[in-house]
Amino acid sequence: MENNTKTTAIVSKGLLQSEELYRYVLETSVYPREPEPLKELRDVTAGHPKAVMGTAPDAGKLMAMLLKLVDAKKTIEVGVFTGYSLLLTALTIPDDGKIIAIDMNRDSYEIGLPVIKRAGVDHKIDFREAEALPVLDQLLKDKENKGSFDYAFVDADKVNFWNYHERLMKLLKVGGVVVYDNTLWGGSVAMPEEQTPEVFKSGRQATLEFNKLLAGDPRVQLSHVPLGDGITVCRRIY
Ligand code: SAH
Ligand code: CA
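An unreviewed UniProt entry lists the chain under the name Caffeoyl-CoA O-methyltransferase, from Dipteronia sinensis. As recorded by UniProt, the Sequence similarities (unreviewed entry) comment attached to the chain reads in full: "Belongs to the class I-like SAM-binding methyltransferase superfamily. Cation-dependent O-methyltransferase family." Listed under Cofactor (unreviewed entry) in UniProt, the entry text for the chain is "a divalent metal cation".

Put into structure tokens, the structure is as follows:
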């Protein structure tokens, strides 16, 4: 356990006061309780040039708790990458639980797939290599899917977050939970536009718009949580 913790770099998204504080949280309550397959998945992802996209393990802890609290069985994942959040979900839901996992890039999913298989949870995953929006629209065409999902995690292209939200408000059951990732976008949402580094600009704009729309949406109860890169937890009210 110790070894893995040491080989994987700590990626702070800068939302906490200091790197040391983030390390403290990770080392105190996150890494010691992180299931072995998730550590392994972080390790196989660590060498990937886009490793920073992997879900923050501290945010993962809250997601696993939410999955248990809503007793999630039927779930959706939008944006798989190498599968950290997917494996976390697969490990947490019951043996007959299902995840519709959507990503237009199968190659990155295949990096994590051997770990997922070794963990014995791949039978819960229905991976769709596709753009997410048409898949969600397709799901909505089947009446049985409406109001049937317990949980969703959205972590793909930020410009489409509101489009995903509109679909998920129909797919989730009342009382179901959707978690949106990167909703503080490296802290850039609070930076003046002219001081925002170029790389953050487009994501920052999309995130600002999405956060504003979400805050005005009466269909959800929400909590904007500064874990990882910021996650927003929404519970469908009606
Ligand atoms: N949740 C993942 C990280 C996802 S990164 C983890 O824990 O590791 C974002 C992913 O979204 C990428 O793999 C990218 O291929 C995918 N993506 C981006 N735009 C998409 C779209 N329009 N439809 C489906 N997937 C998309
Ligand atoms: Ca993310």
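A. Representation of the pattern of salt bridges in the model. For the structure on display, the rule yields 15 salt bridges. In this structure, E129 engages R106 in a salt bridge whose closest nitrogen and oxygen atoms are separated by 3.8 Å. Note that E129 is positioned in strand β3 (residues 125-129) and R106 in helix α6 (residues 106-118), a separation of 23 residues in sequence. On the basis of relative accessibility, which here comes to 30%, the residue R106 falls in the partly exposed class. The residue D150 makes a salt bridge to K173 at a minimum N-O spacing of 2.7 Å. Taken as a pair, D150 in strand β4 (residues 149-154) and K173 in strand β5 (residues 172-181) lie far apart in primary sequence, 23 residues in all. Among the charged side chains, a salt-bridge network with shared partners connects E34, K39 and R42.

B. Quick look at the site of ligand 1. Around ligand 1 lies a shell of 20 residues, among which T55, S85, D103, A132 and D155 are the nearest. One nitrogen or oxygen atom from the side chain of T55 is found 2.6 Å from an oxygen atom belonging to ligand 1. Contacts to ligand 1 include G79, whose backbone N or O atom sits 3.0 Å from a nitrogen atom. Across the complex, the protein chains shield 91% of the 580 Å² of accessible surface that ligand 1 would expose by itself. For the shell around ligand 1, the residue count by class is 10 nonpolar, five polar and five charged.

C. Highlighting the packing of aromatic side chains. Enumeration according to the criterion identifies five aromatic pairs in this entry. With 4.0 Å between their ring centres and 5° between their planes, Y109 and F127 make a pair best called stacked. Here Y109 is found in helix α6, whereas its partner F127 is found in strand β3, with 18 residues between them in sequence. For the pair formed by Y109 and F127, the shared burial category is buried. With centroids separated by 6.4 Å and ring planes inclined at 65°, the aromatic side chains of W162 and F210 adopt a geometry described as edge-to-face. One end of the pair, W162, is in helix α8 (residues 161-171); the other, F210, is in helix α9 (residues 198-215), and 48 residues separate them in sequence. Given the relative accessible area of 4%, F210 is considered buried. Here the aromatic cluster, defined as three or more aromatic residues joined through ring pairs, consists of F161, W162, Y180 and F210. One Lys or Arg, K74, reaches over the ring of F149 and ends 4.5 Å from the middle of that ring.

What counts and how
Residues numbered from 1 in each chain as written. Chains lettered and ligands numbered in written order. Predicted model: local features only at pLDDT ≥ 70, side-chain atom pairs only at ≥ 80, totals over all residues. Heavy atoms only, no water. UniProt positions renumbered as here; feature names shortened; annotations may be inferred. Salt bridge = Lys/Arg side-chain N within 4 Å of Asp/Glu carboxyl O. Helix = DSSP H or I, 4+ residues; strand = E, 2+ residues; numbered from the N terminus. Buried < 20%, exposed > 50% of the residue type's maximum accessible area, 1.4 Å probe, protein only. Near = heavy atom within 4 Å. Polar contact = N/O pair within 3.5 Å; in protein donor to acceptor, adjacent residues only side chain to side chain. Areas by Shrake-Rupley, 256 points an atom, 1.4 Å probe, with all protein chains shown as cover. Nonpolar A, V, L, I, M, F, W, Y, C, P; charged D, E, K, R; others polar. Phe/Tyr/Trp six-rings, centres within 6.5 Å; stacked < 30°, edge-to-face > 60°. Lys NZ or Arg CZ within 6 Å of the ring centre and 35° of its normal.

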